[in-house]
Each structure stands twice: as C-alpha cells, then as structure tokens.
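Notes for the structure review
The chain contents come next:
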Amino acid sequence: VLAPRDQTEVLSLQVDQLLQSLRQNGTIDSEGEFTLSLSRARAKMAEFGSTDPARYLVSVLSGGIGGGATSVRVSDAGSAISVWMEGGHFREDQLLAALESSVGSEYDGALDLILGCRGALKNSAESVEIVVRGTDRPGYRWLLQQDSEESEALPEARLDGIAVEIRFKESVVERVGRF
C-alpha cells in the first residue's frame with residue numbers, strides 16, 4: 001500500500017517519464033519568438049461579446065481601471081466619445097493576448113478594454129482608437145475599424161495613460177433615438 005506522499009512521487013515520476021518519451025519521439029515544428037497578429041486577433045473579437053451593445057463604455061472604463069488608471073475623464077463630442085484614463089497602462093502583448101483569448105485572461109483589465117472596444121464596433125462605431133502612453137515604457141496606438149486595423153509604436157510620454165476614442169457616423173442623439 002502506498003502512502004499519499006508515495007503516490008504523489010509515483011505520479012510525478014510517471015509524468016516525467018511521459019514528458020521524456022514525448023520529447024524523444026517528437027519533432028520541432030518551429031523555433032523563435034511567439035507573436036500574435038493584430039488582424040487575426042481582431043477576427044477573434046467578433047466571436048464573443050455582450051448581449052447588451054450599450055455596455056461597451058462600462059467595459060472600456062473597467063478595463064482602464066483594471067490597467068491601473070487613477071482617474072477617468074469621459075467626454076462626448078457628438079459623433080465621438082473620448083475616454084482618458086490617467087495612470088492606466090497595458091503592454092501591447094497584454095492587449096494582444098486578451099484579443100486572442102476573448103474568454104478570460106491573466107490580464108482581466110485588458111480583456112475588459114478589448115470587450116468594450118468590440119462592443120463599440122458592434123454598436124455602429126466607425127472606428128476605435130486606443131493610445132497607450134507611458135513615462136518609462138513604450139507606448140503604442142491601435143486604430144480599429146470595421147474592416148481594417150493599424151498599429152504603430154509611440155515614444156515615451158510625460159504621463160502614463162490610456163486614451164480611447166470611439167467615433168460614430170451619427171451623433172449621440174441619433175444613436176440614442178435608435179434605442
């Protein structure tokens with residue numbers, strides 16, 4: 001009879017043997033640095049989303065706060081909603097990972113931000129621009145549209161923060177009238 005500790009050691013030994021066997025019989029498919037494509041990740045965005053399209057702004061705000069924002073400012077200029085989340089920051093790979101997974105991530109704030117942007121695009125947004133700036137970290141800009149995307153690196157800035165601008169073809173009054 002094996003004591004619980006002995007069973008754990010046997011199981012560990014069996015797993016080690018299995019891994020060694022797989023290494024011996026396996027082949028290397030590729031080597032190098034793993035990256036995600038922004039366009040492939042965007043395509044995944046369309047698969048998942050909230051049933052309430054008007055909740056996108058709550059998700060954007062939740063994402064910024066999850067990214068460390070200490071203050072939030074929202075302004076509506078008729079055909080655009082601008083959100084500035086001071087202190088917030090995500091590395092680009094964190095947002096890409098959230099785009100890729102879409103159903104849970106070690107970066108929950110990043111996932112919320114992505115869900116909000118996806119919701120905005122589903123809610124007739126013409127484009128969503130995400131600008132992430134940092135004082136001691138690289139920044140970047142994403143421009144997401146219904147059928148395209150752009151990304152570019154940005155230099156360090158004077159403030160950490162996440163800016164999101166959601167542009168619509170119609171004004172707020174026209175959008176609200178549809179609900």
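Criteria and cut-off values
- Per chain, residue numbering runs from 1 following the sequence as it is written.
- Side-chain atom pairs in this predicted model are given and counted only at pLDDT of 80 or more, local residue features only at pLDDT of at least 70, and totals for whole chains, interfaces and linings cover all residues.
- Calculation of side-chain values draws on the structure's entire complement of heavy atoms; hydrogens and water are dropped beforehand.
- The predictor rates its confidence in each residue with pLDDT, a number between 0 and 100.
- Every residue pair with non-hydrogen atoms within 4.5 Å of one another is taken to be in contact.
- The convention used is that axes are lines fitted to C-alpha atoms, helices contributing only their stretch in contact, and that angles between N-to-C directions extend from 0 to 180 degrees.
- Strands here mean DSSP runs of E at least two residues long; helices mean DSSP runs of H or I at least four residues long; both are numbered from the N terminus.
- Comment on the angle field: the value is read as roughly parallel under 35 degrees, roughly antiparallel over 145, roughly perpendicular from 65 to 115, and oblique elsewhere.
- In a left-handed crossing the near helix is turned counterclockwise from the far helix by less than a right angle, and in a right-handed crossing that turn is clockwise.
- In this classification, Asp, Glu, Lys and Arg are treated as charged, Ala, Val, Leu, Ile, Met, Phe, Trp, Tyr, Cys and Pro as nonpolar, and every other residue, Gly included, as polar.
- Salt bridge, as applied in this entry: a Lys or Arg side-chain nitrogen positioned within 4 Å of an Asp or Glu carboxyl oxygen.
- The classification of residues rests on relative accessible area computed with a 1.4 Å probe and restricted to protein chains. Under 20% of the type maximum is buried, over 50% is exposed, and intermediate values are partly exposed.
- Following DSSP output, two strands are said to pair if at least two bridges run between them.

Some words on the confidence of the model for the chain
Low pLDDT marks stretches whose predicted atomic positions should not be read closely. Residue-level pLDDT values for the chain average 77, and 61% of them are 70 or greater. A low-confidence stretch, residues 1–5 (pLDDT under 50), is modelled with two contacts involving residues beyond four sequence positions or located in other chains.

Considerations on the packing of helix α3 (residues 56–66) against helix α5 (residues 108–122)
It is at 7 Å that the axes of α3 and α5 come closest, and there the two elements cross at 155°. Comparing their axes, α5 and α3 come out roughly antiparallel. Regarding α3 and α5, the two cross each other, and that crossing is left-handed. Within the contact between the two elements, α3 uses Y56, S59, V60, S62, G63 and G66 and α5 uses G109, D112, L113, L115, G116, C117, G119 and A120. Here the residues of the contact of α3 with α5 are counted per class, giving six nonpolar, seven polar and one charged.

Concerning the pattern of salt bridges
Any two side chains of opposite charge can pair, so long as their charged atoms come close to each other. The tally for this structure, following the rule as stated, stands at eight salt bridges. A salt bridge links R137 to D160; its shortest N-O distance comes to 2.8 Å. One end of the pair, R137, is in the loop between β3 (125–133) and β4 (139–145); the other, D160, is in the loop between β5 (149–154) and β6 (161–168), and 23 residues separate them in sequence. Accessibility expressed as a relative area gives 30% for R137, which makes it partly exposed. Salt bridges here are not isolated pairs; linked through shared partners, they connect E129, R141, E150, E152, E165 and R167.

As for the environment of L144
Along the polypeptide, L144 turns up in strand β4. A relative accessible area of 0% places L144 in the buried class. Separated by 17 residues in the primary sequence, L144 and S127 have C-alpha atoms spaced 5.6 Å apart.

Here's the deal with the pairing of β5
Summarising the sheet, β4 and β5 pair through six bridges and their orientation is antiparallel. Note that in β5 the partner of W142 across the bridge is S151.

So, the environment of G67
Mapped onto the secondary structure, G67 falls in the loop between α3 and β1 (71–76). We classify G67 as buried; its relative accessible area is 14%. Spatially, the C-alpha atom of G67 lies 9.1 Å from that of G161, the residues being 94 residues apart in sequence. When near neighbours in sequence (up to four residues on either side) are disregarded, G67 contacts G87, G88, H89 and F90.

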